[in-house]
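Below are the chains, spelled out letter by letter.
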Amino acid sequence: MGPAAGSVRARYLVYFQYLGTEFNGVAAIRGSQRAIGVQNYLEEAAKRLNSVVPVKFTISSRTDAGVHALSNAAHLDVQRRSGQPPFSPEVLAEALNAHLRHPAIRVLQAFRVPIDFHARHAATSRTYLYRLATGCHRPDQLSVFERNRCWALRAGCLDVEAMQEAAQHLLGTHDFSAFQSAGSPVVSSVRTLRRASVSPDLGSPFVLPQENRQVRRMTAVLVAVGLGALMPAQVKVILESRDPLGRHQTRVAPAHGLFLKSVQYGSLGGNPACVQQESQGPGGFTTWEAQIIPRCPAEIRAAVTY
């Protein structure tokens, strides 16, 4: 049976965050009892909206199992029955949070957007953050608040200056296939890396009121530079090789240290219905940040933006 005559379909852009430790990634897992994605919980909560047509979330940025998000995004359509006005963005966000059945997921904000808006295609940039902790010779040296939220390294320190130098070789528009999984189904591995930074940071983001797999491989290479196993100039050689099976790029940084920090949509702001797409390079822009925490629970930040 089709939608009720006279019912109005409204599209929303929703920002949400999650700790990815207990999820098999953000995408919904269909037909499995053992694995589940963040999207499964979001769509389960959306059933309580009583939409005429089942609500499906179209996720902006896929994240792997164990990867976290300070702010991911998705669009969804809600079609209420004839005579019922669309939900306000505030009511929609409150309703989803009220019905979410997992404490590690939270809806941050919602906006009304045009019916042809697409959360993935309209994104102009994404920012990733990778958190590292140094000087952790034993698992019990890492604060309980940092477990599953950073990569704990045994090394007492990293050569941050060398890592910063190496990161500069990754800036600009390149074919990043050397940092891609072998046999990846991604159509194009060309991306524009707009900013890359590596810096010590004593703070923590938790006190604040298939791209991610590339970020993890790049992080592993930069950590190798910080440990003295690679020279900064070798990063340029690795990038230009376009070989995902090279001896230095087969290592992947653990998923639990990676955070999707933000997704940007041009001038989406004061008037959420006015979504403008900015001119962007192939694959959009990415920013990557690395946070280094000296001795547990010290941090190093690495930030990457695509």
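So, here is what we can say about the structure in this document. (Residues numbered from 1 in each chain as written. Predicted model: local features only at pLDDT ≥ 70, side-chain atom pairs only at ≥ 80, totals over all residues. Heavy atoms only, no water.)

Considering the pattern of salt bridges
Within the structure shown, the criterion is met by nine salt bridges. For the salt bridge of Glu 43 with Arg 30, the shortest nitrogen-to-oxygen distance reads 3.2 Å. One end of the pair, Glu 43, is in helix H1 (residues 38-46); the other, Arg 30, is in the loop between strand S1 (9-18) and H1, and 13 residues separate them in sequence. Judged by its relative accessible area of 7%, Glu 43 is buried. According to the relative accessible area criterion, Arg 30 is exposed, its value standing at 53%. (Salt bridge = Lys/Arg side-chain N within 4 Å of Asp/Glu carboxyl O. Helix = DSSP H or I, 4+ residues; strand = E, 2+ residues; numbered from the N terminus. Buried < 20%, exposed > 50% of the residue type's maximum accessible area, 1.4 Å probe, protein only.)

Description of the environment of Arg 11
Considering the arrangement of structural elements, one finds Arg 11 in strand S1. Overall, Arg 11 belongs to the buried group, its relative accessible area being 12%. Those residues within four positions of Arg 11 in sequence are excluded, and the remaining contacts are His 75, Leu 76, Asp 77, Phe 111, Arg 112, Val 113, Pro 114, Ile 115, Asp 116 and Phe 117. At 2.7 Å, the side chain of Arg 11 forms a polar contact with the backbone oxygen of Phe 117. (Contact = heavy atoms within 4.5 Å. Polar contact = N/O pair within 3.5 Å; in protein donor to acceptor, adjacent residues only side chain to side chain.)

Considerations on H1
Counted residue by residue, H1 has eight buried out of nine residues, so it is predominantly covered. Along H1, the residues classified as buried are Val 38, Gln 39, Asn 40, Tyr 41, Leu 42, Glu 43, Ala 45 and Ala 46. The inward-facing, buried residues of H1 contact S1, strand S2 (58-59), helix H2 (89-99) and strand S4 (105-113).

Thoughts on helix H5 (residues 232-241)
For H5, the full list of buried residues reads Pro 232, Val 235, Ile 238 and Leu 239. With its buried residues spanning 100° around the axis, H5 presents them on a single face. Exposed and facing more than 90 degrees away from the buried side of H5 are Val 237 and Glu 240. Downstream of H5 by a residue or two, Arg 242 has a phi angle that is positive, lying close to 55°. (Arc of directions from axis to C-beta.)

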